[in-house]
Amino acid sequence: MKEVEHYRVLLIEDNPLDARTIIKALTAGADCDVERVEDLLSGLEAVQHDAFDCVLLDLSLPDSEGLVSVETMVAQSPHCPVVVLTGLDDPEVAVEAVERGAQDYLVKNTMTRELVVRAIRYAVARHSAETELIGTRDRLQSMHAREQIARDLHDTVIQRLFASGMTLQAATRLPSRDDMVDRAMLVVDEIDEAIRELRAAIFGLHSLDEQESFVLELAKIADGYGDSLGFEPVVRLGELPSLPEPLRVDALAVV
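Residues numbered from 1 in each chain as written. Predicted model: local features only at pLDDT ≥ 70, side-chain atom pairs only at ≥ 80, totals over all residues. Heavy atoms only, no water.

> Is there a simple way to think about the overall build of the protein in this case?
In terms of regular secondary structure, the protein is built from nine helices and seven strands. For the protein, buried positions account for 29% of its 255 residues. For the protein, the accessible area works out to roughly 15900 Å², and carbon and sulfur atoms hold 58% of it. (Helix = DSSP H or I, 4+ residues; strand = E, 2+ residues; numbered from the N terminus. Buried < 20%, exposed > 50% of the residue type's maximum accessible area, 1.4 Å probe, protein only. Areas by Shrake-Rupley, 256 points an atom, 1.4 Å probe, with all protein chains shown as cover.)

Written out as structure tokens, the structure is:
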């Protein structure tokens, strides 16, 4: 029998009656653990300091009103899917909420336990699929850029060095020492130019590495240890600052 999925949910709802109804519906079947806060600021702090599978976000809060709440939550916590809660059955608002980053939209007076749990399950699945697609796209773009650099190395640096070697071979057959020295100096200039192009290519490779998401690097580590651990590890992180290279290397080594 398939194991029942269990979710940790953050409910951002200031209305006590609505909150009690939603919490009762979510915890009745042991599908969810629910933590409730009453304003957007408290919700933002919660997702930064703890891991949640989904956020249920009311659009009418004491410190935030309307779809700006969705934009703020998605921007501050892109790793966590958001389901919008509202008292108005307005399809236009629903569409705009999704366009601004929400995964789903629920009208409070039509919610049932099954509907809320299904919305959470689908939101988690869609968000996970979107994250995987973004990661795959980034990896493909990185691979394409590396292939381009490899082609550039072959077409410029390697060909230039090959030509320099042929020039040196030809110089050994020149009749005078002065002619040989002049030809050798031309080769030195060619090699210097090849070195500059090689350094530029190497810098491009380093830049690509630095642009890769730290979260994706951690996810790659987690994926590599699934067999030895006997389970699939999951990495959940809050908003991260830009880490300097030495610190990022140390953090990956610790993980």
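> I would appreciate a short explanation of the sheet that holds strand β6 (residues 82-86) in the present structure.
Strand pairing in a sheet relies on backbone hydrogen bonds. The paired strands run either parallel or antiparallel. Read from one edge of the open sheet, five strands run β2-β1-β3-β6-β7, paired in parallel fashion. Two strands bound the open sheet, and with one partner strand each, they are β2 (32-37) and β7 (104-107). Going from strand to strand, the sheet's axes swing by 25 degrees on average, the running direction of each strand aside. In the sheet, β6 pairs with β7 via four bridges, with the strands oriented parallel. Note on β7: the bridge partner recorded for L85 is L106. Across the sheet, helix α2 (residues 40-49) is in contact with β1 (7-12), β2 and β3 (54-58); its angle to β1 comes to roughly 155 degrees. (Pairing = 2+ DSSP bridges. Axes fitted to C-alpha atoms, helices over the stretch in contact; angles between N-to-C directions. Contact = heavy atoms within 4.5 Å.)

> Where do I start with the state of the cysteines in this structure?
Overall, the coordinates contain zero disulfides when judged by the stated rule. The cysteine C32 is free of any disulfide, with C54 supplying the nearest cysteine sulfur at 8.5 Å. Unpaired in terms of disulfides, C54 finds its nearest cysteine sulfur in C80, a separation of 6.1 Å. (Disulfide = S-S within 2.5 Å.)

> Would you mind showing me how to read the pattern of salt bridges here?
Pairs can form between side chains of opposite charge once their charged atoms are near each other. Across all of its chains, the model carries nine salt bridges by this definition. For the salt bridge of D50 with R8, the shortest nitrogen-to-oxygen distance reads 3.0 Å. In this pair, D50 is assigned in the loop between α2 and β3 and R8 in strand β1, connecting sequence segments 42 residues apart. With its nearest N and O atoms 2.4 Å apart, the salt bridge here joins R100 to E96. Classification of R100 by relative accessible area gives partly exposed; the value is 29%. The network of salt bridges with common partners includes E13, D18, D58 and K108. (Salt bridge = Lys/Arg side-chain N within 4 Å of Asp/Glu carboxyl O.)

> Is there a simple way to explain a nonpolar patch on the surface in this structure?
On the surface, a cluster of nonpolar side chains totalling about 330 Å² of accessible area is made up of Y225, L229 and F231. Looking at the element boundaries, Y225 is found in the loop between α7 (214-224) and α8 (226-229). (Patch = residues over 30% accessible without salt bridge, like charges linked within 9 Å, V, L, I, M, F, W, Y side chains within 5 Å.)

> What should I look at first to understand the side chain of S69 in this one?
Following the sequence through the fold, S69 ends up in helix α3 (residues 68-76). Among residues more than four places away in sequence, those in contact with S69 are L40, L57 and S64.

> For this particular structure, what's the right way to read the packing of α2 against α3?
The description of two helices packed together rests on the angle between their axes and the distance between the axes. Two elements in contact, α2 and α3, have axes whose closest approach is 10 Å; the angle formed by their N-to-C orientations is 20 degrees. Taken together, the axes of α2 and α3 are roughly parallel relative to one another. With respect to the hand of their crossing, α2 and α3 are arranged in right-handed fashion. Counted together, L40, G43, L44, V47 and Q48 of α2 and S69, T72, M73 and Q76 of α3 form the full contact between these two elements. Its residues assigned to classes, the contact of α2 with α3 shows four nonpolar, five polar and no charged. (Parallel < 35°, antiparallel > 145°, perpendicular 65-115°, else oblique. Left-handed = near helix turned anticlockwise from the far one by under 90°. Nonpolar A, V, L, I, M, F, W, Y, C, P; charged D, E, K, R; others polar.)

> I tried to follow the nonpolar core on my own but got confused; where do I start?
As a rule of thumb, nonpolar side chains are buried together in soluble globular proteins. L10, I12, V55, L57, V70, M73 and V84 are the most contacted members of the largest nonpolar core, which totals 23 residues. For this core, the secondary-structure elements that each account for two or more residues are β1, α2, β3, α3, β6, α4 (91-99) and β7. The leading source of residues in this core is α2, at four residues. Grouped together as the second largest cluster of nonpolar side chains are 17 residues, C32, L106, V116 and I120 included. (Core = buried A, V, L, I, M, F, W, Y, C linked by side-chain atoms within 4.5 Å.)

> Help me out: how do you make sense of the environment of V83 in this one?
Take V83: it is sitting in strand β6. Note on V83: relative accessible area 0%, which makes it buried. What V83 contacts, discounting residues up to four positions off in sequence, is C54, V55, L56, L57, D104, Y105, L106, A119 and A123.

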